[in-house]
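# Coordinate inspection notes
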Amino acid sequence: MRIKSSVTFAVVPGLALLAAAAAAQDLGPHFRKIKDGIYVQSACEVNSTSSIVLTEEGPVIIDTGQTPVDTREVMEAVKKLTPLPVRFVINTEVHPDHTTGNFVFSPPAVVINAEGSADAMRKAYDPDRANTLAKESPGMAAAVQGYRLVTPQVEYKDRMTLHVGERTFELLHFANVHSEADTAVWMPRERVLFAASVAIPNSINNLRPFVSIPTMLSAMSIMKALNPEVVVPGHGSPGTTKIFDDNERYFRLLLDRVSALAKAGKTLDQIKLELKMPEYADWAYPERMPSNVEAAYRAVKP
């Protein structure tokens, strides 16, 4: 990724302090503390993650939960951790399982993602989404009250630096790696990386027609070079750069096998039927393999 520009967004210092003994709060079984003042929520292993980063000037939320029920849970955790209002929401992609909950935090929070994110969200907007969710359960019906589409109010081009109190967030835009606008969030002092959904632990990713596997591999290499201590994926449990290593091995093996079959004269449909990846039989979402084969075929076919 070439960095063409850099934007700095600074927050004026305030007087309020973090709530005392925040680290000792019991936020519930879905939350994990990964560093002082940094908490990650995921209701199950394959769900999207939502993270709370406390700062002297108010919390920053990174993604807003798989469903509005998860979003409300994050908001309740915020209230336990600090009396300060949420200052920013950073969306790492545009899909509803990362963005539907924006309405719970904004206003007053300012929502941020890479350029093109707001337009992509508006194009994909389903006006019946709230009603559809409400039918799932009484709890969901309550959680979805007040839902409206909230798109990012701030979009950046290639890179953005956000200073909030004592924290620094470096936002990196990666194109063609998962959704129409993907943002990785790097906290250099804490050495925590929120890696979006480029690499998902122990899961077959959903590769849409515009996604490029070589571009994904390049993005993983860039993020791994940051040398993070903790990697928070867009889905699944926080871990280390092993998440990138595992995904790189999978995609390189996929490319090799699809390339060999293509060179043998097999059509895409034949490759979908014949390709075997037994090493990953225990990974979640095997039904996504056809989209992975298509992406690999695009990458290797002259």
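To start, this report covers the structure provided alongside it. The model shown is predicted, which means the values in this text are computed figures rather than measured ones.

### Re the overall build of the protein chain
For the protein chain, the helix and strand inventory stands at ten helices and 13 strands. On C-alpha atoms alone, the protein chain measures out to a radius of gyration of 20 Å, which is about the 19 Å that the 2.2 N^0.38 rule sets for 302 residues. Taken over the C-alpha atoms alone, the protein chain extends approximately 65 × 45 × 35 Å along its principal axes. The buried share of the protein chain, taken over its 302 residues, is 53%. The long-range share in the protein chain, meaning contacts at least 24 apart out of those at least 6 apart in sequence, stands at 67%. Only carbon and sulfur atoms are counted for the fraction: they give 54% of the accessible area of the protein chain, which is about 13,200 Å². Taking the average place of the 32 positive charges on the side chains of the protein chain and the average place of its 34 negative ones, the gap between the two points comes to 4 Å.

### Some remarks on the pairing of strand 4 (residues 50-53)
Both faces of strand 4 are covered, namely the face carrying Ser 50 and Ile 52 and the face carrying Ser 51 and Val 53. In the sheet, strand 3 (residues 38-41) pairs with strand 4 via four bridges, with the strands oriented antiparallel. Residue pairing across strands places Ile 38 opposite Val 53, the latter belonging to strand 4. Here three bridges tie strand 4 to strand 5 (residues 60-62), and the two strands are oriented antiparallel to one another. Bridge pairing links Val 53 to Val 60 in strand 5. Joining the antiparallel neighbours strand 4 and strand 5 is a turn of six residues, in which Gly 58 adopts a positive phi near 120°.

### Some points on the pattern of salt bridges
One pass over the full model with this rule turns up 15 salt bridges. A salt bridge links Asp 246 to Lys 242, with the shortest nitrogen-to-oxygen separation between them at 2.7 Å. Placement of both Asp 246 and Lys 242 in helix 8 (residues 242-263) is noted, with a separation of four residues, approximately one turn of the helix. For Glu 274, the salt bridge identified is with Lys 266, shortest N-O distance 3.4 Å. Relative accessible area serves as the criterion here: at 26%, Lys 266 is assigned to the partly exposed category. Several salt bridges converge on common partners, so that one network encompasses Glu 166, Arg 167 and Glu 190.

### Some remarks on the environment of Asp 245
Residue placement: Asp 245 occurs in helix 8. Each C-alpha atom, one on Asp 245 and one on Met 220, is 8.6 Å from the other, the two residues being 25 residues apart in sequence.

### Examining helix 10 (residues 289-300)
Across its twelve residues, helix 10 extends 16 Å between first and last C-alpha, which sits within 8% of the 16 Å expected from 1.5 Å per residue. Within the span of helix 10, buried status applies to Met 289, Ser 291, Asn 292, Val 293, Ala 295, Ala 296 and Tyr 297. Against helix 7 (213-225), helix 8 and helix 9 (268-274) lie the buried residues of helix 10.

### Some points on the packing of aromatic side chains
Any pair of aromatic rings gets described here by the distance separating the centres and the angle formed by the planes. In total, this model carries five aromatic pairs according to the counting rule given. Centroid distance Tyr 250 to Tyr 280: 5.1 Å. Interplanar angle 80°. Geometry classified as edge-to-face. Placement of the pair is Tyr 250 in helix 8 and Tyr 280 in the loop between helix 9 and helix 10, with a sequence separation of 30 residues. Pair check on accessibility: Tyr 250 and Tyr 280 agree, each one buried. Considering the side-chain rings of Tyr 250 and Trp 283, the 5.4 Å spacing of their centres and the 35° angle between planes classify their relative orientation as tilted. Of this pair, Tyr 250 sits in helix 8 while Trp 283 is found in the loop between helix 9 and helix 10, placing the two residues 33 residues apart along the sequence. No difference in accessibility class separates Tyr 250 from Trp 283, as the two residues are buried. Grouping aromatic residues by their ring pairs yields a cluster made of Tyr 250, Phe 251, Tyr 280 and Trp 283.

Quick notes on the rules
- Residues numbered from 1 in each chain as written.
- Predicted model: local features only at pLDDT ≥ 70, side-chain atom pairs only at ≥ 80, totals over all residues.
- Heavy atoms only, no water.
- Helix = DSSP H or I, 4+ residues; strand = E, 2+ residues; numbered from the N terminus.
- Rg over C-alpha atoms; globule rule 2.2 N^0.38 Å.
- Buried < 20%, exposed > 50% of the residue type's maximum accessible area, 1.4 Å probe, protein only.
- Contact = heavy atoms within 4.5 Å.
- Areas by Shrake-Rupley, 256 points an atom, 1.4 Å probe, with all protein chains shown as cover.
- Lys, Arg positive; Asp, Glu negative; His and termini not counted.
- Charge placed at Lys NZ, Arg CZ, Asp CG, Glu CD.
- Pairing = 2+ DSSP bridges.
- Salt bridge = Lys/Arg side-chain N within 4 Å of Asp/Glu carboxyl O.
- Expected span 1.5 Å × (residues − 1).
- Phe/Tyr/Trp six-rings, centres within 6.5 Å; stacked < 30°, edge-to-face > 60°.

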